[in-house]
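Results of the structural survey
One letter stands for each residue in the lines below.
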Amino acid sequence: LNKALLEKEADGSRPEKRQGVYLTPSEEYGIFVQDMTPRQDQERFFEFKPKWLVQSPSAPAKAKRCRTCALREMRRAANVISGRGDRDFCPLDLLSTQDTVLDEVLGLMIGDDVGALKPIFKEKVQPLLSRLRVLQVMHSHVGLDDLNGQQMPSASGTEGDGGPESSASCTLFDVLIGMTIRDCSVFVRYNTGKSKAEAEVKLGDLDMKSAKLEKWADIERQLISGGWYTGDEHVAEDGGRRVCRALQGR
């Protein structure tokens, strides 16, 4: 495989930013991922990151934004471009049962073809996201108290969105698992000329995240202290001040 990568570098087909990085021969494990590239003209493909399908355990009780939308607004105010696979939608809307909400979310994801994609999304994507949400609730050691490695109450004074209480007894592995399932990707390939049952939906980017505890903790502190969760941020220009519809009325 490393030989193949060198050949790709030689013919210019490997992205420049990835050049010089190779597989470790001593690694005992690897993950094979199905190639989801469209194979014919009628096939379509798109990917997205569901991100945080439940609220951060350390978000304020009166939060009007989920963790993903709060971070997006903070980055937007600082003119920081989001990463690949990110879209301008609220992750809490991904499991909505309302057609109008799904139309908006899918429109932001793919721009068109919403009519063909919505049945596939309801039947094949939402069940996977429901399972992912359950796992995020189970693996909820991602709050400030976990990242700081101290026992202290969350900013909301609760145990988070239905998950176990964060504590100093959680391990680094617990934190990394929680972060990994909050940064994976969903890959969808479907054929516009075939039934929705033949669409393929896969999860990817499930490699364990490296420990960036101080960075994650610093982001969380900024979101809380800057008012990005609650919509009380002060910016020079109007950034839209978008809030999450799923958190309205709180």
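Structural notes, computed from the coordinates. (Residues numbered from 1 in each chain as written. Predicted model: local features only at pLDDT ≥ 70, side-chain atom pairs only at ≥ 80, totals over all residues. Heavy atoms only, no water.)

1. Side note on the overall build of the protein
To be explicit about the condition: What counts as a helix is a DSSP run of H or I of at least four residues, what counts as a strand is a run of E of at least two, and both are numbered from the N terminus. Contacts are assigned to residue pairs with any non-hydrogen atoms lying within 4.5 Å of each other. Here the open area of atoms and residues is found with the Shrake-Rupley method and a 1.4 Å probe, where only the protein chains shown may cover a residue.
Counting its secondary structure elements, the protein contains 7 helices and 3 strands. By sequence separation, contacts in the protein at least 24 residues apart represent 70% of the contacts at least 6 residues apart. Here the protein displays about 14100 Å² of accessible surface, and carbon together with sulfur accounts for 52% of that area.

2. Examining helix H7 (residues 213-225)
Under the convention used in this document: Every helix has an expected span of 1.5 Å times one less than the residues it contains. Three exposure classes are used, based on accessible area relative to the maximum for each residue type with a 1.4 Å probe and protein chains only: buried under 20%, partly exposed in between, and exposed over 50%. Note that the arc is defined by the directions from the helix axis to the C-beta atoms.
Here H7 is 13 residues long and its end C-alpha atoms lie 18 Å apart, about the 18 Å a rise of 1.5 Å per residue gives. Along H7, the residues that are buried comprise Trp216, Ala217, Ile219, Glu220 and Leu223. The buried residues of H7 occupy one face: seen down the axis, they fall within an arc of 160°. Along H7, exposed side chains directed more than 90 degrees from the buried face belong to Glu214 and Ser225. Turning to H7, the residues buried within the fold contact helix H2 (67-77), helix H5 (144-148) and helix H6 (172-180). One or two residues past the end of H7 sits glycine 227, with phi positive at roughly 75°.

3. Observations concerning the packing of helix H3 (residues 99-110) against helix H4 (residues 114-138)
Short version of the rule: Helix axes are fitted only over the stretch in contact, all axes being lines through C-alpha atoms; the angle between N-to-C directions runs from 0 to 180 degrees. Geometric relationships in this document are graded by angle, where less than 35 degrees denotes roughly parallel, more than 145 denotes roughly antiparallel, 65 to 115 denotes roughly perpendicular, and other angles denote oblique. Note on residue classes: Ala, Val, Leu, Ile, Met, Phe, Trp, Tyr, Cys and Pro are nonpolar, Asp, Glu, Lys and Arg are charged, and everything else, Gly too, is polar.
It is the contact of H3 with H4, at a shortest axis distance of 10 Å, that shows an interaxial angle of 105°. In terms of orientation, H3 lies roughly perpendicular with respect to H4. From H3, Asp99, Leu102, Asp103, Leu106, Gly107, Met109 and Ile110 reach across to H4, where they touch Val114, Leu117, Lys118, Phe121, Lys122 and Gln126. Taken together, the residues of the contact of H3 with H4 sort by class into 7 nonpolar, 2 polar and 4 charged.

4. Let's talk about the sheet that holds strand S2 (residues 185-191)
Keep this limit in mind: When DSSP finds two or more bridges between two strands, those strands count as paired.
Strand order across the open sheet formed by 3 strands is S1-S2-S3, with antiparallel pairing between neighbours. Looking at which strands have only one partner, the edges of the open sheet turn out to be strand S1 (43-48) and strand S3 (200-204). Taking the axes of each pair of neighbouring strands and ignoring which way they run, one obtains an average angle of 15° across the sheet. One ladder, built from 5 bridges, connects S2 with S3; its direction is antiparallel. Looking at the pairing, valine 188 lines up with valine 201 of S3. Relative to S2, H4 is tilted by about 145°, and along the sheet it contacts S1, S2 and S3.

5. Quick notes on the packing of aromatic side chains
Quick note on the threshold: Under the pairing criterion, centres of Phe, Tyr and Trp rings, with the six-membered ring standing for Trp, must be within 6.5 Å; the plane angle then separates stacked pairs below 30 degrees from edge-to-face pairs above 60, leaving the rest tilted.
Considering all chains together, one arrives at 4 aromatic pairs under this definition. On the numbers, 6.0 Å between centres and 15° between planes, the contact of phenylalanine 46 with phenylalanine 48 is stacked. Among the aromatic residues, ring-to-ring pairing joins Phe46, Phe48, Phe89 and Phe121 into one connected group.

6. Here's the deal with the nonpolar core
Let me state the cut-off plainly: Here, nonpolar core refers to any group of buried Ala, Val, Leu, Ile, Met, Phe, Trp, Tyr and Cys residues whose side-chain atoms link them within 4.5 Å.
With 24 residues, the main nonpolar core has Phe48, Leu94, Met109, Phe121 and Val188 as its most contacted residues. Taken together, the elements giving at least two residues each to this core come down to S1, H3, H4 and S2. Among the nonpolar cores identified, the runner-up in size contains 10 residues, and Val142, Leu144, Val175 and Trp216 belong to it.

7. Brief notes about the side chain of glutamate 220
The cut-off we apply is this: Any pair of nitrogen or oxygen atoms within 3.5 Å is treated as a polar contact; in protein, a donor-acceptor pairing is required on top of that, and neighbouring residues in sequence qualify only through side-chain atoms on both sides.
Mapping glutamate 220 onto the fold places it in helix H7. Residue glutamate 220 is classed as buried on the basis of its relative accessible area of 2%. Of note is the side chain of glutamate 220, whose polar atom sits 2.7 Å from the side chain of serine 58. Here tyrosine 229 takes part through its side chain, which lies 3.0 Å from a polar atom of the side chain of glutamate 220.

8. Quick notes on the pattern of salt bridges
Applicable threshold: The term salt bridge refers to a side-chain nitrogen of Lys or Arg lying within 4 Å of a carboxyl oxygen of Asp or Glu.
Across all of its chains, the model carries 19 salt bridges by this definition. The residue arginine 72 makes a salt bridge to aspartate 88 at a minimum N-O spacing of 3.7 Å. Here arginine 72 is found in helix H2, whereas its partner aspartate 88 is found in the loop between H2 and H3, with 16 residues between them in sequence. In this structure, aspartate 183 engages lysine 209 in a salt bridge whose closest nitrogen and oxygen atoms are separated by 3.7 Å. On the criterion of sequence distance, the pair formed by aspartate 183 in the loop between H6 and S2 and lysine 209 in the loop between S3 and H7 is long-range, its members being 26 residues apart. For aspartate 183, a relative accessible area of 23% translates into the label partly exposed. In the salt-bridge network here, residues are joined through shared partners; they are Lys49, Lys51, Asp183, Asp205 and Lys209.

Keep in mind these values describe shape, not function.
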